[in-house]
Amino acid sequence: MIPSSPQLWSVPPSFPGATAFLLGGGPSLVQDGIGFLHDSDLRETVLVGPSVMIAINRSYRIFPFADFLFFMDHRFFEWESPEPGFTAFKGKKVSFHYENSSLPSNILLLHRGTHTGLSSNPQILCHGTNSGYAAINLAVLLGCTKLILLGYDMSPQNGKLHHYEDYPENTPLETFKTVYLPRYESLVPLLAQQSIQVWNASPSSLLPWWTKCTLQEAFKAVRQENLMEYFLANTGFRGEHSS
């Protein structure tokens, strides 16, 4: 067990039962209906429930109003900190604590956990060696029970690996297939055990384990789930048949 540290943030379960929009770096993030996410009140009305937005790496540029910005690689801070939008971002910035690196005090730090699995410790994220995986663990620790993946393509689309310009250094394409994908598979039974539902609204995604759909279809499915949860909570009905 990793001891508590004053340097570390403890993720609060502030969004129990909420829907998490996980905004990845793949080109499919920019798709029809994505502008709908910009209105938090409209999101809550349509979903009939609360939601939280986690921008991963440069996705904050499209969603500067996101609740969280998560990045795992400290080189991202070096590349992005000169950008006015990064400084102006009003949500919480979250990353990992590394012994040989330091970040400004306004960035919340967590321990880097194992390559696979799902951490229940609020100071640790399992990470799969990529920020998209770690962001899923962050959403779970926040209390979210419905996850909508956007931009989780895991492969180039029309010659582009990201919806933004390339970094000075980029992950080799082979790493997505040989490292990232197998580690995502470890999440499947762990999320199911916690009754956490996942919709993969990344139409060309290589992640095969979760239902692929459009963003509109994900909204419809989550709305139905939330309405059913509301109905059960307020009627006590559980589907039992009387004799």
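These numbers were taken from a predicted model, which means no experiment stands behind them. (Residues numbered from 1 in each chain as written. Predicted model: local features only at pLDDT ≥ 70, side-chain atom pairs only at ≥ 80, totals over all residues. Heavy atoms only, no water.)

**Notes on the overall build of the protein**
For clarity, the threshold we go by: Labels follow the DSSP assignment, with helices taken as runs of H or I lasting at least four residues and strands as runs of E lasting at least two, numbered in each case from the N terminus. Throughout this description, buried means an accessible area under 20% of the type-specific maximum (1.4 Å probe, protein chains only), exposed means over 50%, and partly exposed covers the range between. Only heavy atoms enter the contact rule, under which two residues are in contact if any of them lie within 4.5 Å. Working definition of accessibility: Shrake-Rupley area with a 1.4 Å probe, residue cover restricted to the visible protein chains.
Broken down by element type, the protein carries seven helices and nine strands. Expressed as a percentage of its 243 residues, the buried residues of the protein come to 48%. Restricting to contacts in the protein with at least 6 residues of sequence separation, those with at least 24 account for 66%. Approximately 11,900 Å² of the protein is accessible, and the part contributed by carbon and sulfur atoms is 54%.

**Regarding the nonpolar core**
So the rule is basically this: What we call a nonpolar core is a set of buried Ala, Val, Leu, Ile, Met, Phe, Trp, Tyr and Cys residues that are connected through their side-chain atoms within 4.5 Å.
Counting residues in hydrophobic clusters, the biggest one holds 41 residues, and the most contacted among them are L147, Y184 and L191. Take this core: its biggest share by element is eight residues, from helix α4 (residues 131-141). Not counting residues up to four positions away in its chain, the partners in contact with L147 are A20, L22, I136, A139, L191, I196, Q197, V198 and W199. Listed in part, the 31 residues of the second largest apolar core include L69, F89, W199 and C213.

**What to know about the packing of aromatic side chains**
The following threshold applies: In this analysis, rings of Phe, Tyr and Trp, with Trp reduced to its six-membered ring, are considered paired at centre separations within 6.5 Å, and the interplanar angle assigns stacked below 30 degrees, edge-to-face beyond 60, and tilted for intermediate values.
By the definition in use, this model includes 14 aromatic pairs. With 5.1 Å between their ring centres and 35 degrees between their planes, F71 and F76 make a pair best called tilted. Take F71 and F76: they sit in the same class, and that class is buried. Ring geometry for Y152 and Y184: centres 6.3 Å apart, planes at 75 degrees, overall edge-to-face.

**Description of the environment of N121**
Let me state the cut-off plainly: Identification of polar contacts relies on pairs of N or O atoms within 3.5 Å, with a donor-acceptor requirement for protein atoms, meaning one able to donate a hydrogen and the other able to accept it, and with residues adjacent in sequence counted only if both atoms are side-chain atoms.
Along the polypeptide, N121 turns up in the loop between β5 (107-112) and β6 (124-125). C-alpha separation for the pair N121 and H111, spaced ten residues apart in sequence, amounts to 9.7 Å. A distance of 2.9 Å separates a polar atom in the side chain of N121 from the backbone nitrogen of Q123.

**Digging into the pairing of strand β7 (residues 146-150)**
Our working rule: DSSP calls a pair of strands paired once it identifies at least 2 bridges connecting them.
The buried fraction of β7 is high, at five of five residues. Here β7 shows two buried faces, one formed by K146, I148 and L150 and the other by L147 and L149. Relative to strand β8 (residues 197-200), β7 is paired through four bridges, and the arrangement is parallel. Bridge assignment links L149 to a residue of β8, and that residue is N200.

**Points about the sheet that holds β6**
We count it as follows: A fitted line through C-alpha atoms represents every axis, and for helices the fit uses only the stretch in contact; the resulting angles, taken between N-to-C directions, go from 0 to 180 degrees.
Across the sheet, which stays open at both edges, the nine strands sit in the order β6-β5-β4-β3-β2-β1-β7-β8-β9 with parallel pairing between neighbours. Both outer strands of the open sheet, β6 and β9 (211-212), are each paired with one neighbouring strand and no more. Across four bridges, strand β4 (residues 92-96) lies against β5 in parallel orientation. When the bridges of β5 are listed, K93 appears paired with I107. Across the sheet, α4 is in contact with β1 (19-23), β2 (51-56), β3 (68-70), β4, β6 and β7; its angle to β2 comes to roughly 155 degrees.

**Comments concerning helix α1 (residues 40-47)**
One side-chain oxygen at the N-terminal end of α1 lies 3.1 Å from the backbone nitrogen of D41; it belongs to D39. Just downstream of α1 lies V48, where phi reads positive at about 55 degrees.

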